[in-house]
Amino acid sequence: MFPVRKLSWNLGLGREIGFLFWAMVSLEAAYGSYGGIWPLWIEHLGAPVSVVGLVLGSAGIMRLITLAPSATLAERFDPKRIMVIARVFAVAGLISAAFATHWTQLWFMVIATAIGEIAFPLTQAHLANLAGNNRVRAFTLVFNVGPAVAFGLAPLVAGLLIAQSGMRSALLLGVLFGVISLYWFARLSPVPREHHHEQAATYREAFAQPGVPRLLMLQFATIFVLSLGISLLPNFLNDQRGISPSLVAILGGVGSMGSVIYGLAVARSKRLQALPLTAIAGGVALVILTLAVCLGTASVPAIVIAFLGRGGLWSAWGLFVAALGEVVTSDRHRPRAFTLSEMIGGTAFFSAPMLSGVLFEVKPGLPLIVSLALALALIPVLLVNQKRMGKMVSRSSSDDVLVSPLGSNVEVLAD
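Residues numbered from 1 in each chain as written. Predicted model: local features only at pLDDT ≥ 70, side-chain atom pairs only at ≥ 80, totals over all residues. Heavy atoms only, no water.

### Comments concerning the overall build of the protein chain
Looking only at helices and strands, one finds 19 helices and 2 strands in the protein chain. Taking all 415 residues of the protein chain together, the buried fraction comes to 59%. Restricting the contact set of the protein chain to residue pairs at least 6 apart, pairs at least 24 apart contribute 81%. A total of about 16000 Å² of accessible surface is found on the protein chain, and carbon and sulfur atoms cover 66% of it. (Helix = DSSP H or I, 4+ residues; strand = E, 2+ residues; numbered from the N terminus. Buried < 20%, exposed > 50% of the residue type's maximum accessible area, 1.4 Å probe, protein only. Contact = heavy atoms within 4.5 Å. Areas by Shrake-Rupley, 256 points an atom, 1.4 Å probe, with all protein chains shown as cover.)

### Re the packing of aromatic side chains
With the rule as written, the count across this model stands at 12 aromatic pairs. The interplanar angle of 75° and the centroid separation of 5.1 Å between the aromatic rings of tyrosine 183 and tryptophan 184 together place this pair among those described as edge-to-face. Note on tryptophan 184: relative accessible area 16%, which makes it buried. Taking the centre distance of 5.0 Å and the plane angle of 85° together, the rings of phenylalanine 349 and phenylalanine 350 count as edge-to-face. Using a relative accessible area of 19% as the deciding quantity, one classes phenylalanine 350 as buried. An aromatic cluster of three or more residues is present, and its members are Phe19, Phe21, Trp22, Tyr183 and Trp184. (Phe/Tyr/Trp six-rings, centres within 6.5 Å; stacked < 30°, edge-to-face > 60°.)

### Describing a nonpolar patch on the surface
Side chains of Val149, Leu153, Leu156 and Val157 sit close together on the surface and give an oily, nonpolar patch of about 290 Å² of accessible area. Mapped onto the elements of the fold, leucine 156 is located in helix H8 (residues 135-165). (Patch = residues over 30% accessible without salt bridge, like charges linked within 9 Å, V, L, I, M, F, W, Y side chains within 5 Å. Salt bridge = Lys/Arg side-chain N within 4 Å of Asp/Glu carboxyl O.)

### Thoughts on helix H18 (residues 334-362)
Taking 1.5 Å per residue as the helical rise, H18 with its 29 residues ought to reach 42 Å, and the 43 Å between its terminal C-alpha atoms agrees with that figure. For H18, the buried fraction is high: 22 of the 29 residues fall into the buried class. (Expected span 1.5 Å × (residues − 1).)

### With respect to the confidence of the model for the protein chain
This prediction gives the protein chain a mean pLDDT of 82; 86% of its residues lie at or above 70. Taking the mean pLDDT of every element in the protein chain, the minimum, 30, falls on strand S2 (residues 409-411) and the maximum, 95, on helix H9 (residues 168-186). Counting interchain partners and residues more than four positions distant, the pLDDT-below-50 stretch residues 1-6 has 19 contacts. With pLDDT under 50 throughout, residues 392-415 is counted as low confidence; its partners more than four residues away or in other chains account for 54 contacts. (pLDDT = per-residue confidence, 0-100.)

### Here's the deal with the pattern of salt bridges
Counting across every chain of the model gives 1 salt bridge. With a closest N to O distance of 3.6 Å, arginine 15 and glutamate 16 form a salt bridge.

### Digging into the environment of glycine 93
Along the polypeptide, glycine 93 turns up in helix H5 (residues 79-98). Judged by relative accessible area, glycine 93 falls into the buried class, the value being 0%. When the C-alpha positions of glycine 93 and alanine 114 are compared, they lie 9.6 Å apart, and in sequence the two are 21 residues distant. Among all residues touching glycine 93, those that are not within four sequence positions of it are Phe108, Met109 and Ala112.

### What about the environment of valine 51?
With respect to the helices and strands, the residue valine 51 is situated in helix H3 (residues 49-67). Note: C-alpha distance between valine 51 and glycine 357 (306 residues apart in sequence) is 7.6 Å.

### What about the side chain of serine 315?
Summarising the element assignment, serine 315 is placed in helix H17 (residues 312-327). We classify serine 315 as buried; its relative accessible area is 1%. When neighbours within four sequence positions are excluded, serine 315 is seen to be in contact with Asn144, Ser259, Tyr262 and Gly263.

### As for the packing of H17 against H18
For the pair H17 and H18, interaxial distance at closest approach is 10 Å and the crossing angle is 155°. One finds that H17 runs roughly antiparallel with respect to H18. Remark: the crossing between H17 and H18 carries right-handed chirality. For the pair H17 and H18, the contacting residues are Leu313, Trp314, Trp317, Val321, Leu324 and Gly325 in the first and Arg334, Ala337, Phe338, Ser341, Glu342, Gly345, Gly346 and Phe349 in the second. Here the residues of the contact of H17 with H18 are counted per class, giving 8 nonpolar, 4 polar and 2 charged. (Axes fitted to C-alpha atoms, helices over the stretch in contact; angles between N-to-C directions. Parallel < 35°, antiparallel > 145°, perpendicular 65-115°, else oblique. Left-handed = near helix turned anticlockwise from the far one by under 90°. Nonpolar A, V, L, I, M, F, W, Y, C, P; charged D, E, K, R; others polar.)

### A word on the side chain of glutamine 124
The residue glutamine 124 is located in helix H7 (residues 119-131) in this model. Taking relative accessible area as the criterion, glutamine 124 reaches 2% and is therefore assigned buried. Reaching out from glutamine 124, the side chain makes a polar contact with the side chain of glutamate 342 at a distance of 2.9 Å. With near-sequence residues (within four places) excluded, glutamine 124 lies in contact with Phe139, Phe143, Val321, Phe338 and Glu342. (Polar contact = N/O pair within 3.5 Å; in protein donor to acceptor, adjacent residues only side chain to side chain.)

### Concerning the environment of threonine 278
Its location among the elements puts threonine 278 in helix H15 (residues 276-296). For threonine 278, a relative accessible area of 27% corresponds to the partly exposed category. Threonine 278 sits 107 residues away from asparagine 385 along the chain, and the two C-alpha atoms are 9.2 Å apart. Once residues lying within four places of it in the same chain are set aside, the contact partners of threonine 278 are Leu383 and Gln386.

Structure, rendered in structure tokens:
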């Protein structure tokens, strides 16, 4: 159990998970500093909207190239060292983007941040080994609630800096938080030898685990559909609603606050932890609300309130990772299962802007309309699959164990 009410540097999660928590908080603060205005920065450096979508989307291709060998590297070398090296590349890429003068100079940023993504599946596998039967809650706190708080506060600071010094200052703030994240990654202990497996699993074996193919397909569909509307939302608000880049950056923080609220609700609800696809459907509904308001009104107060729902994307992504951690019960298969999840999720997240850019040029609001319509159709698909997956698994009769509909035993978690 994790006594989350204890006020300490590690929030009662324990030393090693505490390091992971703060590493993810500072990492997401780095992204939150510039993520909201990243499409605007690309456009500011001379790229047309279609090229903005291409630059955003190309990161997904690079993720596939860099993530594929990550599990093999983790089996040959200390995963902690790989995490640190990967995040050094990400920080270096961010520095190069901050001092770029033309959009063609951003390709090093694209490549370097893709290398930095290697840290995610390794961190997820490490947390899954540490958390035991408390994975859904641990994943929610480490990969949703904590980072969402950082992702909410960092844009507020970035917005003030942008108003005073321009968009470049937001990227430099991201560099600062990136360096802080390196400190926490560096404090992690080496992964014990028992977590290194002489006979490594293959990606095919990991994909063949019961429930994994279905989860990964649903993850791709969900993230692609939501990213289609969200990826160029900053450009839509700036071009069509007249909202300044500084306020757009702050809106990103509002969305993260929505993710915090929803993540805490999941962390305190045994039912939602046992029904993650239902919880994901709730996150999709929140994004639908955001898109609908942005399409329907130019009222800034209404958009600010509605932006709380934007965090539904990050909540959904984190819940898919947590669900995968419950389905894949073997430590041998987890590294590649989590890598597949990052590859699938990243491909969806970064390929959606390519289509969004094309639709944007046809009509600025078209990416939001298409995303909203597909998201509405996705909700019943998620709910039906939650029921179907519940029927696929055998149920345990243990007195103190709650059986997950995804196929693994989830210990009942204290509030």
